[in-house]
Amino acid sequence: MRAPWMRRSLQVAGCGFAAVCALVAGVASPAAAAAGNTWTVASDPHQATGYQTATLLGDGRVLAVGGQGTSAELFNPTTGAWTVAASMHVARGFATVTLLRNGQVLVTGGVNGGLPLASAELYNPATNQWT
């Protein structure tokens, strides 16, 4: 049985990813999305989904990180394709992701092996590197 906080996190993580997907649809073609009111099938991600978090980058791509390991990948709404990004240093599920004003992405906290993490990593989309 999962702890109550894990159930809430799962629900929040699922809603957050859906919200980012809705934002991507708006970025890709706002007029078409509004007029057609439909979903478009994109390519499959490279990693297994679950417990991930995602954020919309300044250039319109979406960075999806963590979940089941250190994996990170980028979705390009223009091409509908996923590409593998550099891996994080620490595996983290349920992490918090914040797009900073300088375009870098701050990934904080989360859990690893059921234990909470008190660490953070910074992703630079321009260099595809984590620090």
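As a reminder, the structure under discussion sits directly above these lines.
Owing to the predicted nature of the structure, the values given are computational and were not obtained by experimental measurement.

A few points about the overall build of the protein chain
(1) Moving on: When helices and strands are tallied, the protein chain shows 2 helices and 10 strands.
(2) Moving on: Reading the protein chain from its N terminus to its C terminus gives the helix and strand order α-α-β-β-β-β-β-β-β-β-β-β.
(3) Moving on: For the protein chain, the proportion of its 131 residues judged to be buried stands at 31%.
(4) Moving on: Nonlocal contacts in the protein chain, meaning residues at least 24 apart in sequence, comprise 38% of its contacts between residues at least 6 apart.
(5) Moving on: Accessible surface for the protein chain amounts to roughly 7600 Å². Of this, 60% is attributable to carbon and sulfur atoms.

Things to note about the pattern of salt bridges
(1) Moving on: Scanning all chains against the criterion turns up 2 salt bridges.
(2) Moving on: The closest approach of N and O atoms between Asp59 and Arg61, which form a salt bridge, is 2.8 Å.
(3) Moving on: Classification of Arg61 by relative accessible area gives partly exposed; the value is 21%.
(4) Moving on: In this structure, the salt-bridge partner of Arg92 is Glu121, at a minimum N-O distance of 3.5 Å. Here Arg92, found in the loop between strand E4 (81–84) and strand E5 (96–99), pairs with Glu121, found in strand E9 (residues 120–124); they are 29 residues apart in sequence, far enough to count as distant. Judged on exposure class, the residue Arg92 and its partner Glu121 are both buried.

Description of the packing of aromatic side chains
(1) Moving on: Counting across every chain of the model gives 2 aromatic pairs.
(2) Moving on: Taking the centre distance of 5.0 Å and the plane angle of 50° together, the rings of Phe75 and Trp82 count as tilted. Across this residue pair, the class does not change: Phe75 and Trp82 are buried.
(3) Moving on: Note on Tyr123 and Trp130: the rings are 4.8 Å apart at their centroids and 45° apart in plane angle, and the pair reads as tilted.
(4) Moving on: Judged by relative accessible area, which is 0%, Tyr123 ranks as buried.

What counts, and at which threshold
- Residues numbered from 1 in each chain as written.
- Predicted model: local features only at pLDDT ≥ 70, side-chain atom pairs only at ≥ 80, totals over all residues.
- Heavy atoms only, no water.
- Helix = DSSP H or I, 4+ residues; strand = E, 2+ residues; numbered from the N terminus.
- Buried < 20%, exposed > 50% of the residue type's maximum accessible area, 1.4 Å probe, protein only.
- Contact = heavy atoms within 4.5 Å.
- Areas by Shrake-Rupley, 256 points an atom, 1.4 Å probe, with all protein chains shown as cover.
- Salt bridge = Lys/Arg side-chain N within 4 Å of Asp/Glu carboxyl O.
- Phe/Tyr/Trp six-rings, centres within 6.5 Å; stacked < 30°, edge-to-face > 60°.

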